[in-house]
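Tertiary structure, described
Spelled out from the first residue to the last, the chains are:
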Amino acid sequence: MFAAIPFDQATTDTYFVVAHFHFIIFGAAVFPLLGGLYYWFPKVTGRMYHERWGQASFWVTFVGTIVTFFPMHIVGLLGMTRRVYTYEPNLGWDAYNLTETIGAFVLTAGLLMIFGNLLWSRFRGPPSGPDPLYGGTLEWATTSPPPHYNFAVIPTVSSPYPNWDREDRQEDVRRFERGLLVFETGHETPASTVRDGYLDEVLEMPSESGLPIVLAFAVSLVFIMLLTTHYVIAGVFLGVAGLVLAAWHAREPAEG
Amino acid sequence: MSSASYAQRVARPNGWWGMAVFVATEATLFGTLIGSYFDLRFKAHHWPPEGVPDPKVAVPLILTAVLVATSLPMQLSVRFARRRLAGLTCLALLVALVVQCGYLAMQIHLYVDDLHHFSPSETAYGSIYFTLVGAHHAHVFVGILLNAWLLLRFATAATAYRVVGLQSTTFYWHFVNVLAVIVTVVQISPSL
């Protein structure tokens, strides 16, 4: 819209652009975010949200968004500039701005309904089970909430909707019973071939350690001290960094 | 991971990948330094500027050849370490370390000598010369610290973890040695 120069010149710094930003942000970012919040809530918490209340909260939020932001377009085209907090009466903007204020309250109510629903469901919602929404993707194949290791065996994935591939899921169970492809030593993750996604190799991931963050702080302090020309203190922290580095590498993983 | 059903090909270790990324960033650093060198050079009427002596040719070339030769004992140490021959690994590492220390000592001597003849803060030539050459010496110094650490570790035993460290460090040294050739050629280029 604003890429058309004549239009851009006419609306720059009017309330129209404020309307445009917020309308777009709500449609493209906030609503998907809220949708994702509902969609994965059962997976994250293991409990179902209240369906009817959720639908009601959607409509309240949706109406609130339109009532808040749509009149801003009109009032911008009527000549109201952005970044004003007050103006002379009888410029023809009063009714629009009043509508927006009412809309803002409706929108807030809708958002409170959403978070109220999720908060209530977190503690009182019925157990959701692993797959309450009949999802096709892999996260619905494990328990809700998932265990820290996500899957006990590497899942077989042969389509975009692995949770609907019953054969593959049964194969996972059989593998688990036979103890095949079970991650049991240290931090490991599978790597697959680039083109076909077949299981290719096992990557060993780093073990847990608090030392890297200590090292990061020590190195940061070295450079802060160098920038503030405290060279001796910088040298001290360089020594600390060296010691931390040595301590980090002195503890070796067990020979596999 | 337990598996009887498929051939397990373990990926290159994380340490190797970490070093690969590090080498890539350091290569970028030297790319910008050498780029700056030639940018300044092609804008200058006299390079080096008047009052600054032409860079020496013979000694830096010989020193570089000596440093590049240490790629051989480094690679040998990896071979020994893979067979868990801790003693021979240490010996190869020690040979490399002694030569590298000698190299660095000579280079620092030349560096200080250059500082007596021209300043890094008076001409663009001096500025980029000392920055480029000094950056390379700093990389040699880091490599020496890595080798000293590995020598201490392999003095007790050769473990899989330490072998990865040695492989990565050898990778680093090959990079530093290639860099030595490039930096030296740039350094002596006004006298060629």
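Residues numbered from 1 in each chain as written. Chains lettered and ligands numbered in written order. Predicted model: local features only at pLDDT ≥ 70, side-chain atom pairs only at ≥ 80, totals over all residues.

**A look at the overall build of chain A**
- Scanning chain A from terminus to terminus reveals 7 helices and 2 strands.
- Reading chain A from its N terminus to its C terminus gives the helix and strand order α-α-α-α-α-β-β-α-α.
- Of the contacts formed within chain A by residues at least 6 apart in sequence, a portion of 62% connects residues at least 24 apart. (Helix = DSSP H or I, 4+ residues; strand = E, 2+ residues; numbered from the N terminus. Contact = placed C-beta atoms within 7 Å.)

**Observations regarding the environment of Leu-93 of chain B**
Residue and element names in this part refer to chain B.
- For Leu-93, the position within the fold is in helix 4 (residues 86–117).
- C-alpha separation for the pair Leu-93 and Ser-77, spaced 16 residues apart in sequence, amounts to 6.1 Å.
- Those residues within four positions of Leu-93 in sequence are excluded, and the remaining contacts are Ser-77, Asn-147, Leu-150, Leu-151 and Phe-154.

**Thoughts on the pairing of strand 1 (residues 188–192) of chain A**
- In the sheet, strand 1 of chain A pairs with strand 2 (residues 199–204) of chain A via 5 bridges, with the strands oriented antiparallel. Opposite Thr-189 of chain A, over in strand 2 of chain A, you have Leu-203 of chain A as the bridge partner. (Pairing = 2+ DSSP bridges.)

**Focus on the packing of helix 5 (residues 124–156) of chain B against helix 6 (residues 160–188) of chain B**
All names here are of chain B.
- In the contact formed by helix 5 and helix 6, the axes pass within 10 Å of each other and the chain directions differ by 160 degrees. As judged from the angle between their axes, helix 5 and helix 6 are roughly antiparallel. Between helix 5 and helix 6 the crossing geometry is left-handed. Residues Leu-132, Val-133, His-136, His-139, Val-140, Gly-143, Leu-146, Asn-147, Leu-150, Arg-153 and Phe-154 of helix 5 lie in contact with helix 6, whose contacting residues are Arg-162, Gly-165, Leu-166, Thr-169, Tyr-172, Trp-173, Val-176, Leu-179, Ala-180, Val-183, Val-186 and Gln-187.
- When its residues are assigned to classes, the contact of helix 5 with helix 6 shows 14 nonpolar, 7 polar and 2 charged. (Axes fitted to C-alpha atoms, helices over the stretch in contact; angles between N-to-C directions. Parallel < 35°, antiparallel > 145°, perpendicular 65-115°, else oblique. Left-handed = near helix turned anticlockwise from the far one by under 90°. Nonpolar A, V, L, I, M, F, W, Y, C, P; charged D, E, K, R; others polar.)

**Notes on the packing of helix 1 (residues 14–43) of chain B against helix 5 of chain B**
Residues and elements named next belong to chain B.
- Running from amino to carboxyl end, helix 1 crosses helix 5 at an angle of 160 degrees, the nearest separation of the two axes being 10 Å. Relative to helix 5, helix 1 is oriented roughly antiparallel. Considering how the two elements wind past one another, helix 1 and helix 5 form a crossing that is left-handed. Between helix 1 and helix 5, the residues in contact are Glu-26, Phe-30, Leu-33, Ile-34, Ser-36, Tyr-37 and Leu-40 and Ala-124, Ile-128, Thr-131, Leu-132, Ala-135 and His-139, respectively.

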